[in-house]
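Breakdown of the fold
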Amino acid sequence: MILTRSDIGRARTWIAALLSSLAICAPAATAQAPSLFVDSRSTTAEAADRLDGRAKDDALFLARFPSASWLAYGSPDIVEAKARDIVSRALAARQVPVLVAYNISYRDCALYSAGGAADSGAYHDWIGGLARGIGDRPAIVILEPDGLGVIPWHRTLTGEFEGCRPEGQGEAAAARRYEELRGAVAILSALPNVHIYLDGTGSGWLAPGEIAARLIRADVAKASGFFLNVSNFESDDRIIPYARWVSDCIALVTRGGLDPRECPSQFSPASFENTASWTATDAAYDRLFARLRLTRAPERQKHAVIDTSRNGQGSWYPPAGKYRDAEVWCNPPGRGLGRLPSLESGNRYVDAFLWIKVPGESDGACLRGTAGPVDPERSVEAPPAGQWFAAQARELIELANPPLASE
């Protein structure tokens, strides 16, 4: 990839902000660019302690790379203590931790990763504990995976209800989700050295206008931007253009008053399956900026961080008609690690490539429309969500793209 001066300049600005954060917290530190935190007590390192043979070697190998720390349970005091421990050790190492806040009420629509805070008050108390644990130290916070992609009793821009419609609730549940996220953004954005990212889903999910409208309603204006591809497998060829379109759509809506339904997408004028056609969507955005007499300003627009922990081989396409519900997101076979985590993306719309989903950890039981409990594609019963899946870890390493230098 050839970087332009503006690309390099924006990357330096991003790193300088993190470096400034480190300097504020540790004035005696040297002016060395920060790197992402490699946690010697990560869940990957813990998994290695319970394994042996090749599985242990794979876990130890993956533990050498920085991955996110998921904070998903416990009282406000517990999350405060966990966050303080992580950010303190990261600061001592002159590294930047990635913390995933995953405790919003009715998370994952009570499915594989069910749980979360009991109500809005409990959630904001929990976020308050997280904020106290971080304090004035630098951190990247991934705020609620699926938080804007899976909303209870939510209507799309076309007025249709989405699939998450739990009994005993109604449209007020959707309003509460936005209130919870706005409250969390308000609490975390008050911290001086935190970069916050909200759920931006991915190119195989929502159109840019749909997710841009949700991000705006969730107060992305007070955040650094949005995260993409978490626990998913979309290739760089698909997810990086999508990052640009979401950022441009937010700018067109907030600066130009555009109806978000007018934002071009991966579905129109492009053809979703043919990425060569996606230049048509790029051109459509150019025309909108010209029509509204706006100048595209990537350096001031909202940026993305992209999860590349399992996207080296792109998404899985199951045999046509084989499964009633193929669950393409759930432990698909033949996937590989993607780009290594880095705070230098070389892209004006992307702040960082991160390993947010911890590679090697299961997505849960994948039944693909069958009675189970065996995954019919893998012929094994997958571990529960978040538990170590040795066979998948081996695949990710073997099929990494770019290939890993050594194991």
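Residues numbered from 1 in each chain as written. Predicted model: local features only at pLDDT ≥ 70, side-chain atom pairs only at ≥ 80, totals over all residues. Heavy atoms only, no water.

1. Observations concerning the overall build of the protein chain
Counting its secondary structure elements, the protein chain contains 10 helices and 9 strands. With the C-alpha coordinates aligned to their principal axes, the bounding extent of the protein chain is approximately 60 × 60 × 50 Å. The 407 residues of the protein chain split such that 55% are buried. The contacts in the protein chain between residues at least 6 apart in sequence include a share of 76% that link residues at least 24 apart. Of the roughly 17,100 Å² that the protein chain leaves accessible, carbon and sulfur atoms contribute 52%. Measuring between centres, the 43 positive side-chain charges of the protein chain sit 5 Å from its 48 negative side-chain charges. (Helix = DSSP H or I, 4+ residues; strand = E, 2+ residues; numbered from the N terminus. Buried < 20%, exposed > 50% of the residue type's maximum accessible area, 1.4 Å probe, protein only. Contact = heavy atoms within 4.5 Å. Areas by Shrake-Rupley, 256 points an atom, 1.4 Å probe, with all protein chains shown as cover. Lys, Arg positive; Asp, Glu negative; His and termini not counted. Charge placed at Lys NZ, Arg CZ, Asp CG, Glu CD.)

2. Side note on unusual backbone geometry
The residue after G372, namely P373, is reached through a cis peptide bond having omega 0°. Along the polypeptide, P373 turns up in the loop between β9 (350–354) and α10 (390–398). In this structure, P402 follows N401 across a cis peptide bond, with omega equal to 10°. Position of P402 among the secondary structure elements: in the segment after α10.

3. Considerations on the state of the cysteines
Evaluation of the coordinates by the stated rule reveals 3 disulfides. Each sulfur in the disulfide pair C109 and C164 lies 2.0 Å from the other. Between C109 and C164, the disulfide has an S-S torsion of 100° and is therefore right-handed. Taken together, the positions of C109 in the loop between β4 (98–101) and α5 (120–134) and C164 in the loop between β5 (139–143) and α6 (172–189) put the pair 55 residues apart, joining distant regions of the chain. Neither residue differs from the other here; C109 and C164 are each classed as buried. The cystine pairing of the protein chain, numbering bonded cysteines in sequence order, is 1-2, 3-4, 5-6. (Disulfide = S-S within 2.5 Å.)

4. Section: the side chain of T201
Position of T201 relative to the elements: it lies in the loop between β6 (194–199) and α7 (208–217). Relative accessible area serves as the criterion here: at 5%, T201 is assigned to the buried category.

5. Some words on helix α2 (residues 43–50)
Buried within α2 we find T44, A45, A47 and A48. Seen end-on, α2 carries its buried residues on one side only, within an arc spanning 155°. Opposite the buried face of α2, at more than 90 degrees from it, the exposed residues are D49 and R50. (Arc of directions from axis to C-beta.)

6. What about the packing of aromatic side chains?
Going through the model one piece at a time under the given rule, you end up with 8 aromatic pairs. Judged by centre distance (6.5 Å) and plane angle (15°), the rings of Y123 and W126 are stacked. Here Y123 pairs with W126, and both are found in helix α5, just 3 residues apart, close to one helical turn. You'll find Y123 and W126 in the same group, each marked buried. In textbook terms, an aromatic cluster arises when at least three aromatic residues are bridged by ring pairs, as seen for W245, F267, F272 and W278. (Phe/Tyr/Trp six-rings, centres within 6.5 Å; stacked < 30°, edge-to-face > 60°.)

7. Considering the pairing of β9
Within β9, 5 of the 5 residues are buried, which leaves it mostly tucked inside the rest of the structure. The sheet contact formed by strand β8 (residues 303–307) and β9 spans 4 bridges and is parallel. Each bridged residue has a counterpart across the sheet, and for I306 the counterpart in β9 is F353. (Pairing = 2+ DSSP bridges.)

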